[in-house]
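As a plain string of letters, each chain reads:
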Amino acid sequence: MYEKETVDILLVEDNPGDVRLMVEGFKEGKISHEIHTVNDGEAAIDFLGRKEKYRHAAVPDLILLDLKIPRKNGFEVLEFINKQNELSETPVVVLTSSEAEEDILRAYELNANCYVTKPLDIDRYVVMIKSIEEFWITVIRNQ
Amino acid sequence: MDEKGIARVLLAEDNAAEARLFKEILGTIDTEIEISIAKDGEDALKMLLEDGGDYDMILLDINMPKKDGFEVLESVRGSKLPPVIILTTSDSEKDIQKAYDMNANCFITKPAGLDKMIETVAAIRKFWIENVRRAI
């Protein structure tokens, strides 16, 4: 099976500050990667469905998904992902500000691989991004 | 992890040397961590049935005596589990698919080489114990 050299990450995030932190945080990793950013749920679904302007989009190796995004929320994106065969083994990391128990539960029920709450403290935020990079890119991708 | 910052991990691993290694790597964080080791599938199942609700993460080998990892997961299907990380020698597509069908959160093939193994378990600790929220 052809192994791509670059890891494609889909980042579904509407806050520009968070996008910036993620892009910077992943730069420190060892593996070559490309971060594709969409800012709302409909764009995420179009990207993953390779519709219209996204018809040449890469199939992501990892999806980082905020829940509170405009146009369609993160749960709707999760529902869409569940219906796509080609995404059945694509890890989805929910990365969101909500700490609400019902959000955590629902994300897992919709088959998110894991749920991460964005830390308020910037240092902790950076450490968290590094932990995502180290685990999902360096460890998992290297298998 | 709970409010007091104690992370409880169930490690189901029949290779005693690896279990010791994983325990040591998982243990080196600021947060207090309690690691319970199950040496075979029956042990793992027993611990899950008794304390399943209390663990923050389960690190589960597939190939274990008495009951394998899949049988353990099958037996607790439907109950609320913390994140289940499969850590196994297998790299078969069939096993990966089966693991996800059984709602495992992640499937990791044990890397060859001690350095990579340490890196893997350290990454597991930093991500799954220190940053991932479980559903209560």
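First things first, this report covers the structure right here in the doc. (Residues numbered from 1 in each chain as written. Chains lettered and ligands numbered in written order. Predicted model: local features only at pLDDT ≥ 70, side-chain atom pairs only at ≥ 80, totals over all residues. Heavy atoms only, no water.)

Residues and elements named next belong to chain A. Pairing geometry for strand β1 (residues 7-12) and strand β2 (residues 33-38), over six bridges, is parallel. Within β2, the residue paired with Val7 across the bridge is His33. Each parallel crossover has a hand, and for β1 linked through helix α1 (residues 16-27) to β2 it is right-handed. (Pairing = 2+ DSSP bridges. Helix = DSSP H or I, 4+ residues; strand = E, 2+ residues; numbered from the N terminus. Right-handed = clockwise from strand over helix to strand, strands pointing away.)

This part is about the environment of Asp68 of chain B. Residue and element names in this part refer to chain B. Within the secondary structure, Asp68 sits in the loop between β3 (57-60) and α3 (69-75). Take Asp68: its relative accessible area is 24%, and that puts it in the partly exposed class. With 24 residues separating them along the chain, Asp68 and Ala44 place their C-alpha atoms 9.6 Å apart. At 3.0 Å, the side chain of Asp68 and the backbone nitrogen of Phe70 are in polar contact. (Buried < 20%, exposed > 50% of the residue type's maximum accessible area, 1.4 Å probe, protein only. Polar contact = N/O pair within 3.5 Å; in protein donor to acceptor, adjacent residues only side chain to side chain.)

Contacts between the two partners involve 26 residues from chain B, matched on the other side by 27 residues from chain A. Overall, the association of chain B and chain A removes approximately 2200 Å² of surface from exposure, summing both partners, and the carbon and sulfur fraction of that is 52%. Looking only at chain B, the three residues that lose the most surface to chain A are Phe127, Asn131 and Arg133 of chain B, adding up to 32% of its buried area. Linking chain B with chain A are three salt bridges, by the criterion used here. A salt bridge links Glu99 of chain A to Arg133 of chain B; the shortest N-O distance between them is 3.1 Å. Connecting chain B to chain A are eight residue pairs in polar contact (both at pLDDT 80 or more). Counting residues per element, the side of chain B that touches chain A draws most heavily on helix α5 (residues 114-129) of chain B, which supplies seven residues. Looking at side-chain class alone, the side of chain B that touches chain A contains 13 nonpolar, six polar and seven charged residues. (Contact = heavy atoms within 4.5 Å. Buried area = accessible area lost by both parts, 1.4 Å probe. Salt bridge = Lys/Arg side-chain N within 4 Å of Asp/Glu carboxyl O. Nonpolar A, V, L, I, M, F, W, Y, C, P; charged D, E, K, R; others polar.)

Any link to function would need more than the numbers given here.
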